[in-house]
Amino acid sequence: MAKPVLEVEHVSMQFNLSKEKVDNLKEYIIKSLKGQISYNEFWALKDVSFSLNKGDRLGILGMNGAGKSTLLKVIAGVLKATEGKVTARGKIVPLLELGAGFDKQYTGAENIYLYGSVLGYSRSFIDEKYDEIVEFSELGDFINVPIKNYSSGMKARLGFAIATVVEPEILILDEVLAVGDAKFRKKSEAKLQKMFDKGVTVLFVSHSLKQVKRICNKAMILEHGTLKDIGDIGPISEEYRQMLEA
């Protein structure tokens, strides 16, 4: 029997929140040296475990502050879990904060290479895919304009075009289908659907239960950082709908 594509084992994530009001770095260093800084421990995730097989598409449901984005960042390797471990078998492509790795002083064209290298693409691979990225982003001549002059939608479109030019084994989506206008959203969903049809494993966070039901075959509910329930999309989405109405 094939091993799971993704295994999340007893993952917990703790943040230290400062209780003090500190106005600047100098004051923080002085107070820190004097031992005057105290912290509240905040556990964004507590003992979360689950596994996914090839082709599973998991919707991650939960209220604001439930730990959804933190979980995705731990799986993507953006954050290191305080406890537990994540085992991924295959390439992960995270579509989290699209364009977060852009340098606003550089042009769109320059950022294709910069962002591509952040995602682990070789220069020769980006050379090969460059025209495809520009065409999908629909930026035209704006590709030679500095990113600082882009709207948030333009940045998101370019980020999406770069991130989805590869075919990953595991795709992580955090609210990315809310980017751009309706026409681009439709085009983005169609591109993702092609990936789904090839058996990519997906973790998907969205505030739209309707969208989660359309895309996913499984779902989980996170509540205050703990895994409340996980299973097939039908019963879990119904359980979540009742939580929203309670």
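Before any of the text, the structure's been laid out above.
Residues numbered from 1 in each chain as written. Predicted model: local features only at pLDDT ≥ 70, side-chain atom pairs only at ≥ 80, totals over all residues. Heavy atoms only, no water.

J.: Explain unusual backbone geometry to me, please; I cannot follow it from the model alone.
T.: What you tend to see is this: most non-glycine residues have negative phi, and most peptide bonds are trans. Here the phi dihedral of Glu 138 falls at roughly 60°; this positive angle occurs in a residue that is not glycine. Note on placement: Glu 138 falls in the loop between helix H4 (123-137) and helix H5 (152-163). With relative accessibility at 34%, the residue Glu 138 sits in the partly exposed group. One non-glycine residue, His 224, lies in positive phi territory at about 50°. Along the chain, the position of His 224 falls in the loop between strand S8 (218-223) and strand S9 (226-232). (Helix = DSSP H or I, 4+ residues; strand = E, 2+ residues; numbered from the N terminus. Buried < 20%, exposed > 50% of the residue type's maximum accessible area, 1.4 Å probe, protein only.)

J.: What am I meant to see in helix H3 (residues 108-118) here?
T.: For an α-helix, the turn length of 3.6 residues means that residues three or four places apart are oriented alike. Taken as a whole, H3 has its buried residues at Gly 108, Ala 109, Asn 111, Ile 112, Tyr 115 and Gly 116. Down the axis, H3 shows its buried residues gathered within 155° of arc, on one side only. Where the residues of H3 are buried, they touch H4 and H5. At the exit of H3 stands Gly 120, carrying a positive phi of roughly 90°. (Arc of directions from axis to C-beta. Contact = heavy atoms within 4.5 Å.)

J.: Whenever I open this one, the environment of Ala 81 confuses me. Can you help?
T.: Among the structural elements, Ala 81 can be located in the loop between helix H2 (68-76) and strand S4 (83-88). Sequence spacing of Ala 81 and His 10 is 71 residues, and the spatial spacing of their C-alpha atoms is 9.7 Å.

J.: Could you clarify how one ought to interpret the side chain of Asp 174 in this entry?
T.: Its place among the elements puts Asp 174 in strand S6 (residues 170-174). For the buried Asp 174, which has no salt bridge, the nearest side chain bearing the opposite charge is Lys 73, at an N-O separation of 6.4 Å. At a separation of 2.8 Å, a polar atom in the side chain of Asp 174 contacts the side chain of Ser 69. Excluding its chain neighbours within four sequence positions, the residues that come into contact with Asp 174 are Ser 69, Leu 72, Leu 95, Leu 96 and Val 205. (Lys, Arg positive; Asp, Glu negative; His and termini not counted. Salt bridge = Lys/Arg side-chain N within 4 Å of Asp/Glu carboxyl O. Polar contact = N/O pair within 3.5 Å; in protein donor to acceptor, adjacent residues only side chain to side chain.)

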